[in-house]
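# What the coordinates show
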Amino acid sequence: MNTNTVVSCKNIEKRYKNFELKVDSLDFPKGFATALIGENGAGKTTLLELIAGLRLEHEGDISYFDKYTESDRETDPTVKNNIGYTGTSNYFVPNWSLKQVKEAQDMLFDDFDGNKYDQILNELAISDPSKDKNKKVSSLSDGNKIKLMLAGVFARETNLLLMDEPASPLDPLMRDKLCSMIREYLEAGEGEKSVIFSTHNIADMENVTDYAVIVENGSIAEQGFVEELKEKYTYVKGDKADEETAKPFFYDMTSSSFGFEGLCLSENLDKLAGLDLITETPTLSQLAVGIMRANTKLTAIK
Ligand SMILES: Nc1ncnc2c1ncn2[C@@H]1O[C@H](COP(=O)(O)OP(=O)(O)OP(=O)(O)O)[C@@H](O)[C@H]1O
């Protein structure tokens, strides 16, 4: 698929004492929702924060909207104003009232739409703006603090949303609502708006994930449009008797006393001809877990 790029990462290296993120080339498609998926400590937050400009020191280059550099992101307000970011922890002052949170965002962002913000807070069932304006941020639950940040970014006129695990603290209904909000945001952008989010809630976010990037041990283990990945890999199940014959042609296999199952590269399926197997299109969860397990450095998981 030929697509434009909203964020392009080239030769990125970010080192900590016990960790290195190394990304040779990663282009996030413009007009789509991309999910960053990977085990704990894989480097998803590090990558998102490098893109958001919250961690500045690194090697390599990140470009935005096909033309802007990282230095443009810092100096040109049109770039910064075009990007919304939500992190895993609340960035509003705990002692602020909801009224102060709204005023601060109104002051910080020219494109902040107060009416839209109130409407989103209402839809997210966090507050009735006419009654709750004196409620303190600190009195909100973790999920409601995340909703406050989500309302803030969705109430702005941006072309790129970066969201670090937005679904984690949300209940299932609100995850569904978040998916709708992301879909509506993309549709309103008519190909110009993009979303990049990290998630461990793969099944809940599957229907809003167009492109997936699987991050493992600081590098990109796999990436692609979900529909293309579902063609590249096939989910295969078989009986115990065929396990040893099939194993060399599996990308990732788990076995029990009854049989085996796992991901196979579709191009290898002909090598399994003659075995009594069930083949299925993998779900995004099956794809992600299989790819994560095949690439993890945690031997206990293998
Ligand atoms: N400021 C820091 N100093 C040292 N090491 C760090 C720092 N920030 C992150 N790391 C390390 O970098 C690695 C990647 O962390 P990161 O938060 O990016 O992972 P993640 O994929 O977002 O994990 P999770 O799914 O648990 O949120 C971890 O080993 C972490 O300990």
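Since the model is a prediction, treat every value here as computed from it, not as a measurement.

### Details of the sheet that holds strand β11 (residues 252-255)
Read from one edge to the other, the open sheet built from four strands follows the order β11-β12-β10-β13, with strand pairing classed as antiparallel. The open sheet has two edge strands with one neighbour each: β11 and β13 (277-280). Strand-to-strand, the axes of this sheet are offset by a mean angle of 20°, without reference to chain direction. With four bridges joining them, β11 and strand β12 (residues 259-265) adopt antiparallel strand pairing. Looking at the pairing, Thr 254 lines up with Glu 261 of β12.

### A short note on the site of the ligand
The immediate surroundings of the ligand are formed by 13 residues, with Gly 41, Lys 44, Thr 45, Thr 46 and His 200 found nearest. Contact distances for the ligand include 2.9 Å between an oxygen atom and a backbone N or O atom of Gly 43. At a separation of 2.8 Å, an oxygen atom of the ligand approaches a polar side-chain atom of His 200. Calculation on the ligand without its partners gives an accessible area of 640 Å², and the protein chains cover 60% of this total. Taken together, the residues that form the shell around the ligand break down as three nonpolar, six polar and four charged.

### Description of the pattern of salt bridges
Counted according to the given criterion, the structure contains 21 salt bridges. Close ionic contact of Asp 204 with Arg 175 constitutes a salt bridge, the shortest N to O distance being 2.7 Å. Placement of the pair is Asp 204 in helix α8 (residues 202-205) and Arg 175 in helix α7 (residues 172-189), with a sequence separation of 29 residues. Asp 204 sits in the partly exposed class, given a relative accessible area of 36%. According to the relative accessible area criterion, Arg 175 is buried, its value standing at 14%. Residues Arg 183 and Asp 210 are paired through a salt bridge, measuring 3.3 Å at the closest nitrogen-oxygen approach. You can see Arg 183 sitting in helix α7 and its partner Asp 210 sitting in the loop between α8 and β8 (211-216), a full 27 residues away along the chain.

### Side note on the domain arrangement of the protein
Per the domain assignment, the segments of the protein are domain 1 (5-224) and domain 2 (229-295). Contacts between the two partners involve 15 residues from domain 1 and, on the opposite side, eleven residues from domain 2. The junction of domain 1 with domain 2 conceals about 1100 Å² of combined surface from both sides, 68% of it contributed by carbon and sulfur atoms. The largest per-residue losses of area from domain 1 upon contact with domain 2 belong to Ile 202, Glu 206 and Glu 222, which jointly make up 46% of the total buried on that side. In this assembly, domain 1 and domain 2 are joined by two salt bridges. Close ionic contact of Lys 232 with Glu 222 constitutes a salt bridge, the shortest N to O distance being 2.8 Å. Taken together, domain 1 and domain 2 are joined by five residue pairs in polar contact (both at pLDDT 80 or more). Considering every element that reaches the side of domain 1 that touches domain 2, the biggest residue donor is strand β9 (residues 219-225), with four residues. Here the residues of the side of domain 1 that touches domain 2 sort into six nonpolar, five polar and four charged.

What counts and what doesn't
Residues numbered from 1 in each chain as written. Predicted model: local features only at pLDDT ≥ 70, side-chain atom pairs only at ≥ 80, totals over all residues. Heavy atoms only, no water. Pairing = 2+ DSSP bridges. Helix = DSSP H or I, 4+ residues; strand = E, 2+ residues; numbered from the N terminus. Axes fitted to C-alpha atoms, helices over the stretch in contact; angles between N-to-C directions. Near = heavy atom within 4 Å. Polar contact = N/O pair within 3.5 Å; in protein donor to acceptor, adjacent residues only side chain to side chain. Areas by Shrake-Rupley, 256 points an atom, 1.4 Å probe, with all protein chains shown as cover. Nonpolar A, V, L, I, M, F, W, Y, C, P; charged D, E, K, R; others polar. Salt bridge = Lys/Arg side-chain N within 4 Å of Asp/Glu carboxyl O. Buried < 20%, exposed > 50% of the residue type's maximum accessible area, 1.4 Å probe, protein only. Domains from an automatic or database assignment. Contact = heavy atoms within 4.5 Å. Buried area = accessible area lost by both parts, 1.4 Å probe.

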